[in-house]
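Per-entry structural report
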Amino acid sequence: MLRIEGYVIVSADGMIADANGEMPDAIRNDADQRFFQAGLDRVAAVVHGRHSHEGGPRAARRKRLILTRQIADLAPDTTHPNSLLWNPVGAPLERALEALGVGDGTIAVIGGTEVFSMFLPRYDAFHLSRAADARIPGGRPVFAAVGPNATPEDVLASHGLKPGPRRQLDAAAGVTVATWQR
Ligand SMILES: NC(=O)c1ccc[n+]([C@@H]2O[C@H](COP(=O)([O-])OP(=O)(O)OC[C@H]3O[C@@H](n4cnc5c(N)ncnc54)[C@H](OP(=O)(O)O)[C@@H]3O)[C@@H](O)[C@H]2O)c1
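Residues numbered from 1 in each chain as written. Predicted model: local features only at pLDDT ≥ 70, side-chain atom pairs only at ≥ 80, totals over all residues. Heavy atoms only, no water.

**Some words on the overall build of the protein chain**
Helix and strand counts for the protein chain stand at 4 helices and 11 strands. Taking 182 residues into account, the globule formula puts the C-alpha radius of gyration at 16 Å, and the protein chain, at 16 Å, falls close to it. Taking the principal axes of its C-alpha atoms as reference, the protein chain extends roughly 40 × 35 × 35 Å. For the protein chain, contacts bridging at least 24 residues in sequence account for 59% of all contacts bridging at least 6. Accessible surface for the protein chain amounts to roughly 9000 Å². Of this, 53% is attributable to carbon and sulfur atoms. Placing the 20 positive and 20 negative side-chain charges of the protein chain at their respective mean positions leaves the two points 3 Å apart. (Helix = DSSP H or I, 4+ residues; strand = E, 2+ residues; numbered from the N terminus. Rg over C-alpha atoms; globule rule 2.2 N^0.38 Å. Contact = heavy atoms within 4.5 Å. Areas by Shrake-Rupley, 256 points an atom, 1.4 Å probe, with all protein chains shown as cover. Lys, Arg positive; Asp, Glu negative; His and termini not counted. Charge placed at Lys NZ, Arg CZ, Asp CG, Glu CD.)

Given below as C-alpha coordinates:
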(Lines give C-alpha, C1' and ligand atoms only; values in the text may rest on other atoms or scores of the structure.)
Protein backbone atom coordinates (compact mmCIF):
# COMPACT_ATOMS: atom_id res chain seq x y z
CA MET A 1 0.00 0.00 0.00
CA LEU A 2 1.33 3.38 -1.01
CA ARG A 3 0.35 6.46 1.02
CA ILE A 4 0.99 10.00 -0.26
CA GLU A 5 1.33 12.97 2.12
CA GLY A 6 2.11 16.62 1.31
CA TYR A 7 4.04 19.04 3.55
CA VAL A 8 4.14 22.82 3.12
CA ILE A 9 4.36 26.10 4.98
CA VAL A 10 2.49 28.98 3.33
CA SER A 11 2.10 32.69 4.02
CA ALA A 12 -1.29 34.16 4.94
CA ASP A 13 -1.92 34.63 1.21
CA GLY A 14 -1.02 31.02 0.34
CA MET A 15 2.50 31.55 -1.03
CA ILE A 16 5.54 29.25 -0.68
CA ALA A 17 8.19 31.57 -2.15
CA ASP A 18 8.64 35.10 -3.48
CA ALA A 19 8.46 36.13 -7.15
CA ASN A 20 12.14 35.15 -7.62
CA GLY A 21 11.53 31.62 -6.33
CA GLU A 22 13.27 32.29 -2.99
CA MET A 23 11.67 31.17 0.29
CA PRO A 24 11.67 34.29 2.52
CA ASP A 25 12.58 34.22 6.23
CA ALA A 26 9.01 35.35 7.05
CA ILE A 27 7.77 31.79 6.38
CA ARG A 28 10.75 29.96 7.92
CA ASN A 29 10.03 28.74 11.45
CA ASP A 30 11.99 26.40 13.74
CA ALA A 31 8.92 24.68 15.21
CA ASP A 32 7.55 24.04 11.72
CA GLN A 33 10.96 22.72 10.63
CA ARG A 34 10.93 20.26 13.55
CA PHE A 35 7.40 19.11 12.60
CA PHE A 36 8.44 18.79 8.93
CA GLN A 37 11.74 16.98 9.55
CA ALA A 38 10.12 14.56 12.04
CA GLY A 39 7.45 13.79 9.43
CA LEU A 40 10.09 13.14 6.77
CA ASP A 41 11.95 10.80 9.14
CA ARG A 42 8.92 8.47 9.01
CA VAL A 43 8.55 8.23 5.22
CA ALA A 44 9.95 5.77 2.69
CA ALA A 45 10.84 8.49 0.15
CA VAL A 46 10.69 12.24 -0.47
CA VAL A 47 9.48 13.68 -3.80
CA HIS A 48 10.20 17.23 -5.02
CA GLY A 49 11.00 19.43 -8.01
CA ARG A 50 14.54 20.33 -9.02
CA HIS A 51 14.50 23.66 -7.13
CA SER A 52 13.24 22.32 -3.78
CA HIS A 53 15.00 20.41 -0.97
CA GLU A 54 14.21 19.95 2.71
CA GLY A 55 17.81 20.49 3.90
CA GLY A 56 18.88 19.48 7.40
CA PRO A 57 21.42 16.93 8.65
CA ARG A 58 19.33 13.82 7.80
CA ALA A 59 18.50 14.73 4.19
CA ALA A 60 21.29 12.66 2.63
CA ARG A 61 19.94 9.47 4.23
CA ARG A 62 16.48 9.85 2.70
CA LYS A 63 15.51 8.22 -0.57
CA ARG A 64 14.19 10.80 -3.03
CA LEU A 65 12.75 11.39 -6.48
CA ILE A 66 13.65 14.74 -8.05
CA LEU A 67 11.32 15.86 -10.84
CA THR A 68 12.94 17.27 -13.99
CA ARG A 69 12.17 17.45 -17.70
CA GLN A 70 15.87 17.21 -18.54
CA ILE A 71 15.61 13.42 -18.86
CA ALA A 72 13.09 11.15 -20.60
CA ASP A 73 12.00 8.99 -17.67
CA LEU A 74 14.44 7.95 -14.91
CA ALA A 75 18.15 8.59 -14.42
CA PRO A 76 20.72 8.44 -11.63
CA ASP A 77 21.34 11.68 -9.76
CA THR A 78 25.03 12.41 -9.37
CA THR A 79 24.57 15.34 -6.99
CA HIS A 80 22.34 13.84 -4.27
CA PRO A 81 22.87 10.44 -2.58
CA ASN A 82 19.98 7.92 -2.53
CA SER A 83 18.21 9.91 -5.27
CA LEU A 84 16.80 9.39 -8.75
CA LEU A 85 15.86 12.01 -11.33
CA TRP A 86 12.30 11.46 -12.51
CA ASN A 87 10.20 12.74 -15.42
CA PRO A 88 6.59 11.59 -14.81
CA VAL A 89 5.80 11.85 -18.53
CA GLY A 90 8.14 8.90 -19.14
CA ALA A 91 7.58 6.79 -16.02
CA PRO A 92 4.61 6.43 -13.65
CA LEU A 93 5.20 7.05 -9.93
CA GLU A 94 5.03 3.36 -9.07
CA ARG A 95 7.84 2.53 -11.56
CA ALA A 96 9.97 5.39 -10.23
CA LEU A 97 9.53 4.14 -6.66
CA GLU A 98 10.36 0.59 -7.68
CA ALA A 99 13.58 1.84 -9.31
CA LEU A 100 14.34 3.68 -6.07
CA GLY A 101 13.85 0.46 -4.09
CA VAL A 102 10.63 1.60 -2.41
CA GLY A 103 7.59 -0.67 -2.34
CA ASP A 104 4.94 -0.11 0.31
CA GLY A 105 4.99 2.89 2.62
CA THR A 106 4.42 6.63 2.76
CA ILE A 107 5.96 9.13 0.40
CA ALA A 108 6.20 12.83 1.21
CA VAL A 109 5.60 15.43 -1.51
CA ILE A 110 7.41 18.66 -0.56
CA GLY A 111 6.98 21.00 -3.53
CA GLY A 112 7.19 23.28 -5.38
CA THR A 113 4.03 24.65 -6.98
CA GLU A 114 3.76 22.33 -9.96
CA VAL A 115 4.65 19.21 -7.98
CA PHE A 116 2.18 20.04 -5.16
CA SER A 117 -0.50 20.62 -7.84
CA MET A 118 0.24 17.41 -9.76
CA PHE A 119 -0.42 15.24 -6.69
CA LEU A 120 -3.75 16.90 -5.71
CA PRO A 121 -5.86 13.95 -6.95
CA ARG A 122 -3.69 11.50 -4.97
CA TYR A 123 -3.00 12.95 -1.50
CA ASP A 124 -4.08 10.78 1.42
CA ALA A 125 -3.05 13.62 3.75
CA PHE A 126 -1.76 17.17 3.34
CA HIS A 127 -0.04 18.98 6.24
CA LEU A 128 -0.77 22.68 5.66
CA SER A 129 1.33 24.91 7.91
CA ARG A 130 0.64 28.65 7.85
CA ALA A 131 2.66 31.67 8.95
CA ALA A 132 -0.32 33.94 9.55
CA ASP A 133 1.69 37.14 9.97
CA ALA A 134 3.52 36.81 6.63
CA ARG A 135 2.29 38.02 3.25
CA ILE A 136 4.18 37.52 -0.04
CA PRO A 137 2.46 39.67 -2.71
CA GLY A 138 3.27 38.42 -6.20
CA GLY A 139 4.81 35.22 -4.77
CA ARG A 140 4.59 31.60 -5.89
CA PRO A 141 1.45 29.82 -4.65
CA VAL A 142 1.36 26.39 -3.06
CA PHE A 143 -1.02 25.24 -5.81
CA ALA A 144 -1.32 26.80 -9.27
CA ALA A 145 -5.03 27.52 -8.63
CA VAL A 146 -4.37 29.63 -5.47
CA GLY A 147 -4.98 33.34 -6.01
CA PRO A 148 -7.50 36.12 -5.33
CA ASN A 149 -10.40 33.72 -5.82
CA ALA A 150 -9.05 30.53 -4.18
CA THR A 151 -7.21 29.78 -0.93
CA PRO A 152 -5.11 26.65 -0.39
CA GLU A 153 -8.01 25.36 1.74
CA ASP A 154 -10.45 25.89 -1.17
CA VAL A 155 -8.18 23.88 -3.46
CA LEU A 156 -7.73 21.02 -0.97
CA ALA A 157 -11.50 20.88 -0.34
CA SER A 158 -12.24 20.86 -4.08
CA HIS A 159 -10.05 17.77 -4.37
CA GLY A 160 -11.96 15.87 -1.71
CA LEU A 161 -9.76 16.49 1.34
CA LYS A 162 -11.22 17.40 4.75
CA PRO A 163 -9.52 19.53 7.42
CA GLY A 164 -8.42 18.33 10.81
CA PRO A 165 -8.07 20.76 13.74
CA ARG A 166 -5.63 23.67 13.37
CA ARG A 167 -2.83 23.18 15.92
CA GLN A 168 -0.37 25.75 17.22
CA LEU A 169 3.26 25.11 16.27
CA ASP A 170 4.62 28.46 17.47
CA ALA A 171 1.99 30.74 19.02
CA ALA A 172 4.35 33.72 19.36
CA ALA A 173 5.17 33.58 15.64
CA GLY A 174 1.57 32.87 14.57
CA VAL A 175 2.49 29.51 13.00
CA THR A 176 -0.12 26.72 12.94
CA VAL A 177 -0.65 23.44 11.11
CA ALA A 178 -3.77 21.61 9.97
CA THR A 179 -3.68 18.13 8.49
CA TRP A 180 -6.19 17.54 5.70
CA GLN A 181 -7.24 13.92 5.04
CA ARG A 182 -9.06 12.21 2.24
N1 LIG B 1 7.18 27.04 1.72
C2 LIG B 1 7.38 25.76 1.46
O3 LIG B 1 6.96 24.86 2.22
C4 LIG B 1 8.12 25.39 0.19
C5 LIG B 1 7.98 24.10 -0.33
C6 LIG B 1 8.65 23.81 -1.51
C7 LIG B 1 9.43 24.76 -2.13
N8 LIG B 1 9.54 25.99 -1.58
C9 LIG B 1 10.33 27.02 -2.23
O10 LIG B 1 9.81 27.27 -3.53
C11 LIG B 1 10.89 27.53 -4.40
C12 LIG B 1 10.94 26.52 -5.55
O13 LIG B 1 9.67 26.20 -6.01
P14 LIG B 1 9.40 25.98 -7.57
O15 LIG B 1 7.93 25.73 -7.73
O16 LIG B 1 10.01 27.08 -8.33
O17 LIG B 1 10.31 24.75 -7.90
P18 LIG B 1 10.35 23.15 -7.85
O19 LIG B 1 9.05 22.49 -8.09
O20 LIG B 1 11.15 22.69 -6.71
O21 LIG B 1 11.26 22.95 -9.13
C22 LIG B 1 10.77 23.28 -10.40
C23 LIG B 1 11.47 22.35 -11.37
O24 LIG B 1 11.08 21.01 -11.07
C25 LIG B 1 10.88 20.30 -12.29
N26 LIG B 1 9.47 19.96 -12.40
C27 LIG B 1 8.41 20.51 -11.77
N28 LIG B 1 7.27 19.91 -12.14
C29 LIG B 1 7.63 18.94 -13.03
C30 LIG B 1 6.89 17.98 -13.78
N31 LIG B 1 5.54 17.88 -13.70
N32 LIG B 1 7.56 17.15 -14.59
C33 LIG B 1 8.91 17.21 -14.68
N34 LIG B 1 9.66 18.11 -14.01
C35 LIG B 1 9.02 18.96 -13.19
C36 LIG B 1 11.35 21.23 -13.39
O37 LIG B 1 12.76 21.00 -13.49
P38 LIG B 1 13.60 21.19 -14.86
O39 LIG B 1 13.73 22.67 -15.04
O40 LIG B 1 14.90 20.51 -14.54
O41 LIG B 1 12.83 20.51 -15.95
C42 LIG B 1 11.09 22.60 -12.81
O43 LIG B 1 11.90 23.61 -13.38
C44 LIG B 1 12.16 27.45 -3.57
O45 LIG B 1 12.46 28.73 -3.04
C46 LIG B 1 11.76 26.56 -2.42
O47 LIG B 1 12.53 26.79 -1.26
C48 LIG B 1 8.91 26.33 -0.43
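After that view of the structure, there is still more to cover.
**Remarks on the site of the ligand**
The local shell around the ligand holds 26 residues, among which Gly21, Arg50, Ser52, Thr68 and Arg140 are the closest. Arg140 has a polar side-chain atom sitting 2.5 Å from an oxygen atom of the ligand. Computed on the free molecule, the ligand has an accessible area of 920 Å², of which 85% lies beneath the protein chains in the complex. Given that more than half its atoms are within 2 Å of the pocket grid, the ligand belongs to the largest pocket. Mapped by element, the contributors of at least two residues to the shell around the ligand are strand 1 (2-11), strand 2 (15-17) and helix 3 (113-118). It is helix 3 that provides the largest number of residues to the shell around the ligand, a total of 5 residues. Residues of the shell around the ligand, tallied by class, amount to 12 nonpolar, 9 polar and 5 charged. (Near = heavy atom within 4 Å. Polar contact = N/O pair within 3.5 Å; in protein donor to acceptor, adjacent residues only side chain to side chain. 1 Å grid on protein atoms, 1.4 Å probe; cavity = no way out; pocket = protein on both sides within 12 Å on 5 of 7 lines; lining within 4 Å. Sits in = over half its atoms within 2 Å of the grid points. Nonpolar A, V, L, I, M, F, W, Y, C, P; charged D, E, K, R; others polar.)

**Notes on the sheet that holds strand 3 (residues 45-49)**
Spatially, 9 strands are ordered 5-6-4-3-7-1-8-11-10 in an open sheet, and the strand pairing comes out mixed. Whereas interior strands pair on both sides, the edge strands pair on one side only; in this sheet they are strand 5 (74-76) and strand 10 (162-170). Averaged over all adjacent pairs, the angle separating strand axes in this sheet is 25°, with direction ignored. The sheet contacts of helix 2 (residues 93-100) involve strand 1, strand 3, strand 4 (64-67), strand 5, strand 6 (83-86) and strand 7 (105-109), and relative to strand 6 the element is tilted by about 155°. (Pairing = 2+ DSSP bridges. Axes fitted to C-alpha atoms, helices over the stretch in contact; angles between N-to-C directions.)

**Some remarks on the pairing of strand 1**
Remark: a regular strand shows side chains that alternate across the two faces of the sheet. Burial analysis of strand 1 places 8 of its 10 residues in the buried class, the great majority of the element. The pairing of strand 1 with strand 7 spans 5 bridges and is classified as parallel. Counterpart to Glu5 in the pairing with strand 7 is Ala108. Here strand 1 pairs with strand 8 (residues 125-131) via 7 bridges, running parallel. Considered in strand 8, the bridge of Ser11 is made with Ala131. (Buried < 20%, exposed > 50% of the residue type's maximum accessible area, 1.4 Å probe, protein only.)

**Structural notes on the environment of Trp180**
Summarising the element assignment, Trp180 is placed in strand 11 (residues 175-181). Trp180 gets classed as buried once you look at its relative accessible area, which sits at 6%. Not counting residues within four places of it along the chain, the set of residues in contact with Trp180 comprises Asp124, Ala125, Phe126, Leu128, Glu153, Leu156, Ala157, Leu161, Lys162, Pro163 and Gly164.

**Digging into helix 1 (residues 30-41)**
Relative to the 16 Å expected for 12 residues at 1.5 Å per residue, helix 1 spans 16 Å between its end C-alpha atoms, a close match to the ideal helical length. Residues of helix 1 that are buried include every one of Ala31, Asp32, Phe35, Phe36, Gln37, Gly39 and Leu40, and no others. Of the surrounding elements, those touching the buried residues of helix 1 are strand 1, strand 3, strand 7, strand 8, strand 10 and strand 11. (Expected span 1.5 Å × (residues − 1).)

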